[in-house]
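Read off the chains here:
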Amino acid sequence: MTGVPAFTLPRSTSEIAQSVVQDEWSGSQRTSQLTIFCDLDGPLIDVSQRYYRTYQLALAETQAYIQAQEEALSLIPLSLDQFWSMKQSKRPDIEIAHLSGLSDNYIDFFMQQVQAIVNQPLLLHEDRLQPGVHEALEQLLNQGAQLAVVTLRCQSQVDQVLHQHHLTRYFRLIRGTDDTQAAYKNYAVCKQALIQDAIDAMGLTNHQQIWMIGDTEADVLAAQAMKIKTVALTCGMRNYAFLNSLRPTSIQSNLSTATQLICNLAVASQS
């Protein structure tokens, strides 16, 4: 695919061993027929505050740069609700910049600031655990599912975030990338490579018993390309209207409702 930058998965023996949780995994059935792949940002972690803070800081840096050029330009930051609504609609960052008062001359500078800031460790404390995550993951394990995190976030940050929120023990496999910008760029082809890598690492052969829970087009399109059922969540980076255009298997409001759907279908298939 043209326009897609080089993309690297963790491949060394030590990296794979670190991301596959076997001895300490609390799942009751290691050979479960039901496997759930779950994205990190959106389904598990609320990143809205971090993205908004990134926008604010980038705008402030751009304002300072404009003043250093001895030019006068009045910038008006969007509110959190305005900003997040635009992100969930997948409105371009250029449009967000224009609505904030930036002229075309400074768009590139603004975008450079956003990409440089968004995944910096100093901003990661802005992320919050989504409500009901622990309960939902417990319910999936009780249903006999094996769980895996498959995310475009870089591996070191994934491990840190899951450990911070006491989530590591739920997952048989935790798979991230070596690219600190992959999550922000959100390439579906990268997500598909991650899913395939996870399938290979876990020795899965029956795609009919795999679900992908995510919140963006990367999750849905990658899973669809691999004939995997998808649940798209509106608590993350995209709203219902945008997700509906992608035609996922189901659209749910959060991980708790997605879990209930999957568990109900699993029970129905066994009866």
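Residues numbered from 1 in each chain as written. Predicted model: local features only at pLDDT ≥ 70, side-chain atom pairs only at ≥ 80, totals over all residues. Heavy atoms only, no water.

## Let's talk about the pairing of strand S4 (residues 146–154)
The line we're drawing: To sort residues, take the accessible area from a 1.4 Å probe on protein chains only and compare it with the maximum for the residue type: under 20% means buried, over 50% means exposed, and anything in between is partly exposed. Segments assigned H or I by DSSP are reported as helices when at least four residues long, segments assigned E as strands when at least two residues long, and all are numbered from the N terminus. Strand pairing is assigned whenever DSSP identifies at least 2 bridges connecting the two strands.
In terms of residue burial, S4 counts as a mostly covered element, since nine of its nine residues are buried. Of the two faces of S4, both are covered, the one formed by Gln146, Ala148, Val150, Leu152 and Cys154 as well as the one formed by Leu147, Val149, Thr151 and Arg153. Bridge analysis of strand S1 (residues 35–38) against S4 gives four bridges, and the strand direction is parallel. Bridging from a neighbouring strand, Cys38 pairs with Val149 of S4. In the sheet, S4 pairs with strand S5 (residues 173–177) via four bridges, with the strands oriented parallel.

## A word on the packing of helix H6 (residues 133–142) against helix H12 (residues 255–270)
Two numbers describe a pair of packed helices, the interaxial angle and the distance between the axes. Filter applied, for reference: Inter-axis angles, ranging from 0 to 180 degrees, are taken between N-to-C directions of lines fitted to C-alpha atoms, where helices are fitted over the stretch in contact. Oblique is the label for any angle not under 35 degrees, not over 145, and not in the 65 to 115 range, which are roughly parallel, roughly antiparallel and roughly perpendicular in turn. Crossing handedness follows the turn of the near helix against the far one: under a right angle anticlockwise gives a left-handed crossing, and clockwise gives a right-handed one. Note on contacts: a residue pair qualifies if any of its non-hydrogen atoms lie within 4.5 Å across the two residues. Basically, the charged four are Asp, Glu, Lys and Arg, the nonpolar ten are Ala, Val, Leu, Ile, Met, Phe, Trp, Tyr, Cys and Pro, and anything else, Gly included, counts as polar.
Interaxial distance between H6 and H12 falls to 9 Å at its minimum, and their mutual angle equals 15°. What the angle tells us is that H6 and H12 run roughly parallel. Both H6 and H12 take part in a crossing whose hand is left-handed. Mapping the contact onto sequence places Val133, Ala136, Leu137, Gln139 and Leu140 in H6 and Leu255, Ser256, Thr259, Gln260, Ile262 and Cys263 in H12. Taken together, the residues that form the contact of H6 with H12 break down as seven nonpolar, four polar and no charged.

## Details of the pattern of salt bridges
Where we set the bar: Any carboxyl oxygen of Asp or Glu within 4 Å of a side-chain nitrogen of Lys or Arg constitutes a salt bridge here.
Applying the stated criterion to the full structure yields twelve salt bridges. For Glu217, the salt bridge identified is with Lys90, shortest N-O distance 3.2 Å. Of this pair, Glu217 sits in helix H10 (residues 217–225) while Lys90 sits in the loop between helix H3 (80–88) and helix H4 (93–99), placing them 127 residues apart in sequence. Residue class for Glu217 comes out buried when judged on its relative accessible area of 8%. Linking Asp219 and Lys191 is a salt bridge whose minimum nitrogen-to-oxygen distance equals 2.2 Å.

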